[in-house]
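So you can see what is in the structure, the chains are spelled out below.
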Amino acid sequence: MYFLNYAVNANANHFNDQNGNVSDNNMNFDLSQNVFRVAYYGKSSSKKSFVANVAVPLGRISLKDDTDSGLGDITVASGYWVIDDNKAKTWVSLGLLTILPTGNFDKNKTANMGNNVYQIRPFWM
């Protein structure tokens, strides 16, 4: 089991559009956040690896003249290695990442810690 903390700090004064042109010159974007993660790695009865994760973001965001702080959207993810062959150095895993809309969201505000949307993302690697 792993307990991890990711410190995030990002800021920008302007954003660019898809062509590289400045789309807004006065964004005043600032994000200060810690993402606390618990990850459990183990082996199944068939000796294949699996992982279960929970990531909880906590921080403060500013955008334009608006701010929000507190809990962000919680991420829950799990994966299972369908091919787990150390001798052949071959691994393939399938998983599911789910983002829960637990963060603050107000449609009348510019800055929100949450997105107000459930997101489900299957993956393989």
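Up top is the structure these notes are about.
Residues numbered from 1 in each chain as written. Predicted model: local features only at pLDDT ≥ 70, side-chain atom pairs only at ≥ 80, totals over all residues. Heavy atoms only, no water.

A. Structural view of the layout of surface pockets. Here the largest pocket defines a volume of roughly 180 Å³. What lines the largest pocket is a set of 13 residues, and nearest its centre among them are Gln-33, Asp-73, Met-113, Gly-114 and Asn-115. Looking at the lining of the largest pocket, the elements that each hand over two or more residues are β4 (29-43) and β5 (49-63). For the lining of the largest pocket, the per-class residue count stands at five nonpolar, seven polar and one charged. (1 Å grid on protein atoms, 1.4 Å probe; cavity = no way out; pocket = protein on both sides within 12 Å on 5 of 7 lines; lining within 4 Å. Points joined across faces, edges and corners; volume = space filled by probe spheres on them. Helix = DSSP H or I, 4+ residues; strand = E, 2+ residues; numbered from the N terminus. Nonpolar A, V, L, I, M, F, W, Y, C, P; charged D, E, K, R; others polar.)

B. Up close: the side chain of Asp-66. Along the chain, Asp-66 falls in strand β6 (residues 66-71). Since its relative accessible area comes to 17%, Asp-66 is described here as buried. (Buried < 20%, exposed > 50% of the residue type's maximum accessible area, 1.4 Å probe, protein only.)

C. Structural view of the pairing of strand β8 (residues 90-100). The sheet contact formed by strand β7 (residues 74-85) and β8 spans eleven bridges and is antiparallel. Looking at the pairing, Asp-85 lines up with Thr-90 of β8. Hairpin connection of β7 to β8: four residues between the antiparallel strands, including Lys-89 at a positive phi of 55°. When β8 meets strand β9 (residues 119-124), the two strands line up antiparallel, connected through six bridges. Its bridge partner being in β9, Thr-98 is matched across the sheet by Ile-120. (Pairing = 2+ DSSP bridges.)

D. The arrangement of the nonpolar core in detail. The biggest cluster of nonpolar side chains holds eight residues, and these are Ala-12, Met-27, Phe-29, Leu-31, Ile-61, Leu-63, Ala-111 and Met-113. For this core, the elements supplying multiple residues, two or more each, are β4 and β5. With sequence-adjacent residues up to four places away left out, Met-113 is seen in contact with Gln-33, Leu-58, Gly-59, Arg-60, Ile-61, Asp-68, Ser-69, Gly-70, Leu-71, Gly-72, Asp-73 and Asn-104. (Core = buried A, V, L, I, M, F, W, Y, C linked by side-chain atoms within 4.5 Å. Contact = heavy atoms within 4.5 Å.)

E. Spatial organisation of the side chain of Asp-84. Its place among the elements puts Asp-84 in strand β7. Side-chain polar atoms of Asp-84 contact the side chain of Lys-43, separated by 3.3 Å. When neighbours within four sequence positions are excluded, Asp-84 is seen to be in contact with Lys-43, Lys-47, Lys-48, Ser-49, Thr-90 and Trp-91. (Polar contact = N/O pair within 3.5 Å; in protein donor to acceptor, adjacent residues only side chain to side chain.)

F. Region of interest: a nonpolar patch on the surface. Nonpolar side chains collect at one region of the surface, where Tyr-2, Leu-4, Tyr-6, Val-8 and Tyr-41 lie side by side and expose about 440 Å² of accessible area between them. Sorting elements by how many residues they give to the nonpolar patch places strand β1 (residues 2-12) first, with four residues. Topologically, Tyr-2 is positioned in strand β1. (Patch = residues over 30% accessible without salt bridge, like charges linked within 9 Å, V, L, I, M, F, W, Y side chains within 5 Å. Areas by Shrake-Rupley, 256 points an atom, 1.4 Å probe, with all protein chains shown as cover. Salt bridge = Lys/Arg side-chain N within 4 Å of Asp/Glu carboxyl O.)

G. Focus on unusual backbone geometry. Phi angles above zero are rare outside glycine, and Lys-47 is one such case at about 70°. Examined against the element boundaries, Lys-47 turns out to sit in the loop between β4 and β5. For Lys-47, a relative accessible area of 64% gives the class exposed. One non-glycine residue with positive phi stands out, namely Lys-89, at about 55°. With respect to the helices and strands, the residue Lys-89 is situated in the loop between β7 and β8.

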